[in-house]
Structure formats: structure tokens, C-alpha cells
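Here are the chains, one letter per residue:
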There are 2 protein chains.
Amino acid sequence: MATVKIRLYVDHPLGGGQSLPLNRDQAHYLFGVMRLKADAELFVFNGKDGEYLARVAKAGKHGGILVCLEQTKPLQTPPDLWFIFAPIKKARTDFIVEKATEMGAARIMPVLTDFTNNDRTRRDKLQAHVVEAAEQCGGTFVPPVDDLQKLNNVLENWPNGRRLMFCDETLAGARETLAGQSPGPWAILIGPEGGFSTPERERLNTMPAALAVSLGPRILRADTAAVAALTLWQSSLGDW
Amino acid sequence: MATVKIRLYVDHPLGGGQSLPLNRDQAHYLFGVMRLKADAELFVFNGKDGEYLARVAKAGKHGGILVCLEQTKPLQTPPDLWFIFAPIKKARTDFIVEKATEMGAARIMPVLTDFTNNDRTRRDKLQAHVVEAAEQCGGTFVPPVDDLQKLNNVLENWPNGRRLMFCDETLAGARETLAGQSPGPWAILIGPEGGFSTPERERLNTMPAALAVSLGPRILRADTAAVAALTLWQSSLGDW
């Protein structure tokens, strides 16, 4: 098996010859956990300048310095797709943001619904999880995670021209498909495991921007539904 | 929120008036963990006779009896789709079989590939996980899990008339889509996290039954790839 190079997210401008100071956590990870030595090579990205090959110039216990060599990938921004979801229990919520990152969402928006059973979502923790997922999946873009807000507020201020695909397994009424829909700004909304409340469902059904899409005859867990919905969208209207 | 009734898998024929003896584990779950009392109602299914409403006739510490009332769902068999995958580390492998069940695979086949990093897969544990997923997702069918076998053996004995969709992110060459493919017997093969070896890839590329499908420009973890591939297949050729 080919040796897989480490990919590290850094919050610093990238460019050939640029030196990158490492903070304590990064030094611990690279030199303590992964055992890199001086002159070892790895990939770095910052979500803005694409991916660069970098070399370890100085490895210390509490810090270090990398030097950027050449660009290995340009910045690849995902399509203009918001991913809106109701957080569930912790491990599954982590999975959901990981999957939204891998699947190419451009912005991740946790929302509080009438039946959401987790209102202690921490934005910084979810953002850290997104960074890890981007490191793993080879992406050069890091979707920003919003603060938790009320679904009703998000729908109240829904922007003109953005379509909303929503997946509610208990939804009565006609289901539609993405075939023939136009690309452009979209959002995907995944309900909580208990489904939407009646007022939420009524509101969604009367929004001109909304499109109810079926995810098949079986009930999916929220993290499975997230990947399935993103697959339908990416394969019809996205960058697959 | 509506009260969600428990769904229990039982290995016993179902029919109106039929009594169902419970084993120790089932009694512990229903009466110890879920605190059901005599006369409580729940759903039961056995993978063959659909789903029935049942009532607790006798609740004991080490056993009990349910009585079947009326059928609430007919048996719904999934399309003829095999799901073949290389087991990865334990938690992710559990996720993969859970997701294959939710997404409607008819048969689950763990395989050993050249780069598989887990050869200790236990069939009975995976099957138990599939049963749990079927209980959760409202399905009436329980896909059987095969014993772990070598991918090469599976390909060697590939049945006539069954197509094979495979997803290998590092695959060179043309990618195809499912549009215009005919339904009928299919299989989906998800590679291990290290990808396929060169001989495996060459073999797959020369199989007339095989179709290489892209899952987009980002690298997906094996469990994400499983849901994405099943979504593509189910939405084009399956029962969605």
C-alpha cells in the first residue's frame, strides 16, 4: 500500500516558500502522535489557497515550523448548497457534520426544531469536527458551521432565489424528484429523528421554495438520511 | 410526540392468534429495559410474514409470551441487490451493515480484499446488528449476512446475469452512470479504505458484468460511500 501523507489544516496564508508556525496542538499531533521528523513532507490546506506540499523545517515539543513547497491542488469550492439539520445525540451529530463535509456541503446550519432533542450543540466542537473531516476526505474547502438557531427563524428569513429540498419521512402528500430542477442556490433540510411538528410541516408545505423529496420506503436514521439526500442532490444538480 | 411502539424481531412463525414464546434476552429487553407490562402492545416481525401487532400475555423475568393480533404490514422484500463490502474497523463496520439494511440491500456479503485491514469479522455479530437495524428502520425483511469470504472467490464464481456496480475512488478510466441500465439482479461493491490492489482493479475492469461508478470529487469514508452508492442505485433502479 502506498504511504498516505498526512493532511493538516492550518489557519495561515499558503504560498511557495511561506513558513508556517505550528501551535502546540499541531506540534503534538505531528511530532508526538504521528512521529514526523525534520524534513518529513505533508500536505497542508487552509480552506482558501488550495493544498500545498510542505516540509518540516523545525520540530519541537511545543511548536515547530513548516515550509510550503509547491501547490498540489487548487482550491475546489463546493456547489452553493446549505446543509440544515436538527442535531441528535452527540455521536450521530458528529457523523452528520462529517458526512456533510465529505459530501460537499458549502455551509452547515444546525437548527432547533420543535422535536429536537439536543439543544447543547457547540459550534466550535462541530467546526473542529468539520476540519478533521476535510483533512480526511482530501477536500481543500472547509464549510463554515453556523451557531444553532431556531428553524422557524431560518424559514422566516428565507432568502429569495434559494430552493429548499426537505426530507420528512412521515410527510403526507406528493413527493417530487430533482430531475428537471435548476441548479443554483439550494439548501437541504433533514428533520430530527422524531420528525417535524405539524406547524413546521405546514409551514414547509406552503413555502414556494420548498421541494419534498422521498428517501424510499424504509425509515432512515438522520445520519443515513443526510448522506442519501446529499447524494441525490450532488448527482442531479451538484459536482458529481 | 406520538408514542413510538417497540418493534421486535422474533424467530417464530406469525399469524393472528399465534402465541410467541420469548427467550431470556427478549424478556430482559421488553420487561427489564423497556418496562413493558402485561397487555402492553408492540410490533413483531420475523423477516418472512410481514409485521404484526402483538400483546404481552405473560411477562416474566426470564421469559414470557406474546400473542399475535392482526397484521400491520405485509412482507416487503427489497430489490434483488447484493451489498458486498470490505470490513473496516469495528464501529464503522457496524455502521455499514446498519446502513445497508436501512437502505434496502437484500443480502450482505463481507469480503476479504488484498488491503482489508479487518479479518476478524464475526458473522453472528453482524447479523445481530442487521436485526437491530431492521427493528429500527421499520423494515419487515432482514437481509442475511454471509460468512467472510475472499473477494477473488466471489468474483471467480460470479453468477451469470448479475451486474456489479463498483465504486473505487482511485480508479483510472471512464466512469459510467446508472441511467439507462436495466433493473434485475445487481450487486454493489464498496472497496476498503486503502482502495483495491492493482490485480483486483484489473480483474474488476475486465469483468463484463462490472460498471464503475463515480461518487464525486471528494474521498468518501467507506460507510459514507456505502450509503451514497446505495442511494444512487435505489433511486435509479430500486424501490425508491
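Residues numbered from 1 in each chain as written. Chains lettered and ligands numbered in written order. Predicted model: local features only at pLDDT ≥ 70, side-chain atom pairs only at ≥ 80, totals over all residues. Heavy atoms only, no water.

Caption draft 1: Highlighting empty space enclosed by the protein. What the rule picks out here adds up to two cavities of 30 Å³ or more. Looking at the largest cavity, its volume works out to about 100 Å³. Lining the largest cavity we find Gln76(A), Pro78(A), Thr101(A), Gly104(A), Ala105(A), Ala134(A), Cys137(A), Gly139(A), Thr140(A), Phe141(A), Pro143(A) and Arg218(B). Here the lining of the largest cavity is built from residues that sort into six nonpolar, five polar and one charged. (1 Å grid on protein atoms, 1.4 Å probe; cavity = no way out; pocket = protein on both sides within 12 Å on 5 of 7 lines; lining within 4 Å. Points joined across faces, edges and corners; volume = space filled by probe spheres on them. Nonpolar A, V, L, I, M, F, W, Y, C, P; charged D, E, K, R; others polar.)

Caption draft 2: Focus on the sheet that holds strand 1 (residues 7-9) of chain B. Residue and element names in this part refer to chain B. With respect to topology, five strands assemble into an open sheet ordered 1-3-4-5-2, the strand pairing being mixed. Each of the sheet's edge strands pairs with one partner strand only, and the pair in question is strand 1 and strand 2 (19-22). Strand after strand, the sheet turns through a mean of 40° between neighbouring axes, direction not considered. Bridge analysis of strand 1 against strand 3 (residues 41-45) gives three bridges, and the strand direction is parallel. When the sheet's bridge partners are listed, Tyr-9 is paired in strand 3 with Phe-45. Packed onto the sheet, helix 1 (residues 24-33) meets strand 1, strand 2, strand 3, strand 4 (51-59) and strand 5 (64-73) and runs at close to 95° relative to strand 2. Contacting strand 1 and strand 3, helix 3 (residues 123-137) crosses the sheet at an angle of about 150° to strand 1. (Pairing = 2+ DSSP bridges. Helix = DSSP H or I, 4+ residues; strand = E, 2+ residues; numbered from the N terminus. Axes fitted to C-alpha atoms, helices over the stretch in contact; angles between N-to-C directions. Contact = heavy atoms within 4.5 Å.)

Caption draft 3: Just the relation of the copies chain B and chain A, in detail. With an RMSD of 0.0 Å, chain B superimposes on chain A once it is rotated by 180° and translated 0.0 Å along the axis. Between the two chains, the operation in question is that of a two-fold axis. Comparing interface residues between copies, 100% of those in chain B also sit at the interface in chain A, which points to an isologous, same-surface contact. (Least-squares fit on C-alpha atoms with pLDDT ≥ 70 in both.)

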